[in-house]
Amino acid sequence: MSPRRAEALAAMIGNLASIVLGAIVILLALNDVFQSVVMPRATGRRYRISFYFWRTIWKLWPRAAWKLFPTDDDRREDFLAIFAPFMLVMLIAVWIVLLIIGFAFVLWGMRGGIAPSHISFLTVLYFAGTSLLTIGFGDVVGRATLPRLVSIAAALAGLSFLSITTAYLFAVFGSFQQRETFVVMTAARGGTPPSGVNLLAIAGYAHTRTDFPAMMLEAQRWAAGLMESHLAYPVLAFFRSSHEEQSWVGTLGALLDAATLVATTLDDAPDGQARIFYSVGRHAARDLSNYFRVGAPDEGAGIERAEFDHACDRLVAAGYALRDRDDAWSRFSNLRSGYAARLNGLARFFEIPPLQWVGDRSAIHIAPHGEFKIRDLDRTDGETS
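The structure displayed is predicted, hence computed values, not measured ones. (Residues numbered from 1 in each chain as written. Predicted model: local features only at pLDDT ≥ 70, side-chain atom pairs only at ≥ 80, totals over all residues. Heavy atoms only, no water.)

Novice: Whenever I open this one, the side chain of Gln-220 confuses me. Can you help?
Specialist: Within the secondary structure layout, Gln-220 lies in helix H7 (residues 212-232). Sequence-distant contacts of Gln-220, defined by excluding residues within four places in its chain, comprise Gln-273, Ile-276, Phe-277 and Val-280. (Helix = DSSP H or I, 4+ residues; strand = E, 2+ residues; numbered from the N terminus. Contact = heavy atoms within 4.5 Å.)

See below:
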């Protein structure tokens, strides 16, 4: 083979490789956009650029928050709250950049059909960007059929991307608003921060125990919506509540604890809706912990018997009749072990402020005589623990 033919063959192979590489980048970006934005359901993680992108950054973000604000809880929480909106903007930027780079590689493989001739890769990158963003200054144009078709495809991708990401933003913020509305309602019923014991105790003191089944019905819808929306749009899980000491993880935990207490400990409360919510809530905790890869070792009930007895004393004071405590503890610890580890794993992963029985266990102190003292976290307005 003559040197000229060998050089022409090498150039053809190089151009073909550039086109293939560009097509792969475009397909990866469009696949990620399709699964993240278009499909209104939970999707897998394979070939998902966005999953590994936010996962990697989140590993660094909490560390930076603790390093920057080791003693200032408010400023650290504000810094953590920036992550979700920042990541939402960054994901859109990453998708746009990947599409521009992908189309640039495809056009680079067809540069012989682009005017002006003898252009650099940066110029082709500029041509791909103006085509995708539908700017089209006209200083770089396709003069052959294939480059023209590719530039049209880039413009079509850009217009489609703009429309679907606009819908995506509306869907994310709409789901966030629905989630937070119920979080605030639960805090009003269960204190701030909310807890399962407080939900029941406040209902007892306020004589609204008969409303609890209706609340469990609302909670079923909320937990089902939470599971579906946060698996379909994972960035939602990182959006922190607008109010202090409130979170979707804490609300889910408080509702699950309340439902478990009703089903196992209370002797005079209807437990049908609570049992249904337990099933839905446990399902949500399991699927979300699996998706975010925060599986925790089995923790059993996740609390001590003394804490359970303390909660029982509060429920009796609120006017509830209880089952035999030994039997109730056995049943309670068995049911709570179905979600305790996963719930605590989610709380640790998302850096959720501590709640009674959920997340940080440093709020529990052992007194000199072996009693468990719980700092402020199991107290309702006007009560002391």
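Moving on from the coordinates now.
Novice: Can you walk me through a negative patch on the surface in this structure?
Specialist: On the surface, Asp-74, Asp-78, Glu-244 and Glu-245 cluster together to form a negatively charged patch. Inspection of the secondary structure puts Asp-78 in helix H3 (residues 73-108). (Patch = residues over 30% accessible without salt bridge, like charges linked within 9 Å, V, L, I, M, F, W, Y side chains within 5 Å. Areas by Shrake-Rupley, 256 points an atom, 1.4 Å probe, with all protein chains shown as cover. Salt bridge = Lys/Arg side-chain N within 4 Å of Asp/Glu carboxyl O. Lys, Arg positive; Asp, Glu negative; His and termini not counted. Charge placed at Lys NZ, Arg CZ, Asp CG, Glu CD.)

Novice: It is not clear to me how the confidence of the model for the protein chain should be interpreted in this structure. Could you clarify?
Specialist: Interpretation of this model should avoid reading the predicted coordinates in detail wherever pLDDT is low. On average, residues of the protein chain score 85 in pLDDT, and 90% of them are at 70 or above. Model confidence for the protein chain, summarised as mean pLDDT per element, is weakest for strand E4 (residues 372-374) at 40 and strongest for helix H8 (residues 248-264) at 94. Low pLDDT, under 50, characterises residues 363-385; the predicted model gives this stretch 43 contacts beyond four residues in sequence or across chains. (pLDDT = per-residue confidence, 0-100.)

Novice: Honestly, the packing of helix H1 (residues 3-38) against H3 in this entry has me stumped. Any pointers?
Specialist: The angle between the axes and the distance between the axes are what describe a pair of packed helices. Following both chains from N to C, one finds H1 and H3 inclined at 155°, their axes separated by 7 Å at the closest point. Regarding the angle of H1 to H3, the classification is roughly antiparallel. Here H1 and H3 pass one another in a crossing that is left-handed. Considered class by class, the residues forming the contact of H1 with H3 number 16 nonpolar, five polar and one charged. (Axes fitted to C-alpha atoms, helices over the stretch in contact; angles between N-to-C directions. Parallel < 35°, antiparallel > 145°, perpendicular 65-115°, else oblique. Left-handed = near helix turned anticlockwise from the far one by under 90°. Nonpolar A, V, L, I, M, F, W, Y, C, P; charged D, E, K, R; others polar.)

Novice: Looking at this model, I keep getting lost on the nonpolar core. Mind explaining?
Specialist: Grouped together as the largest cluster of nonpolar side chains are 106 residues, with contacts concentrated most on Phe-292 and Phe-350. The element best represented in this core is H3, accounting for 16 residues. If we skip the residues at most four places from it in the chain, Phe-350 touches Trp-58, Ala-237, Phe-238, Arg-240, Trp-248, Val-249 and Phe-292. (Core = buried A, V, L, I, M, F, W, Y, C linked by side-chain atoms within 4.5 Å. Buried < 20%, exposed > 50% of the residue type's maximum accessible area, 1.4 Å probe, protein only.)

Novice: What's the story with unusual backbone geometry in this structure? I'm lost.
Specialist: Glycine aside, residues mostly have negative phi angles, and peptide bonds mostly take the trans form. Each neighbour pair has its own omega, and for Ala-115 with Pro-116 the value is 0°, a cis peptide bond. Tracing the chain through its elements places Pro-116 in the loop between strand E1 (114-115) and helix H4 (121-132). The step from Thr-192 to Pro-193 runs through a cis peptide bond, and the omega angle for that step is -5°. Mapped onto the secondary structure, Pro-193 falls in the loop between helix H5 (145-190) and helix H6 (196-205). Unusually for a residue other than glycine, Glu-351 sits at a positive phi of about 55°. Here Glu-351 is to be found in the loop between helix H12 (340-349) and strand E3 (364-366).

Novice: Got a minute to help me understand a nonpolar patch on the surface in this structure?
Specialist: Where nonpolar side chains cluster on the molecular surface, the patch consists of Leu-16, Val-20, Ile-24 and Leu-28 and spans about 330 Å² of accessible area. Positionally, Leu-28 belongs in helix H1. On the basis of relative accessible area, Leu-28 is assigned to the partly exposed category, the value being 33%.

Novice: What should I look at first to understand H1 in this one?
Specialist: Between its first and last C-alpha atoms H1 spans 50 Å; for 36 residues at 1.5 Å apiece the expected length is 52 Å, and the two agree. All of the buried residues along H1 are Ser-18, Gly-22, Val-25, Ile-26, Ala-29, Asp-32, Val-33, Gln-35, Ser-36 and Val-37. Elements that come into contact with the buried residues of H1 comprise helix H2 (49-68), H3, H5 and H7. (Expected span 1.5 Å × (residues − 1).)

Novice: How should I be thinking about the packing of aromatic side chains in this particular structure?
Specialist: Given two aromatic rings, their pairing is described by the distance between the two centres and the angle made by the two planes. Applying the stated criterion to the full structure yields 34 aromatic pairs. Across the ring face of Trp-66, the terminal group of Arg-76 is positioned such that the distance to the ring centre comes to 3.6 Å. Looking at Arg-209, its charged tip hangs above the ring of Tyr-320, at a distance of 4.7 Å from the centre. (Phe/Tyr/Trp six-rings, centres within 6.5 Å; stacked < 30°, edge-to-face > 60°. Lys NZ or Arg CZ within 6 Å of the ring centre and 35° of its normal.)

Novice: Mind showing me how you'd approach H5 here?
Specialist: In an α-helix there are 3.6 residues to a turn, and that puts residues three or four apart on one side. The end-to-end C-alpha distance of H5 is 66 Å, a good match for the 68 Å that 46 residues give at a rise of 1.5 Å each. Just downstream of H5, Gly-191 is the residue with a positive phi angle, here 85°.

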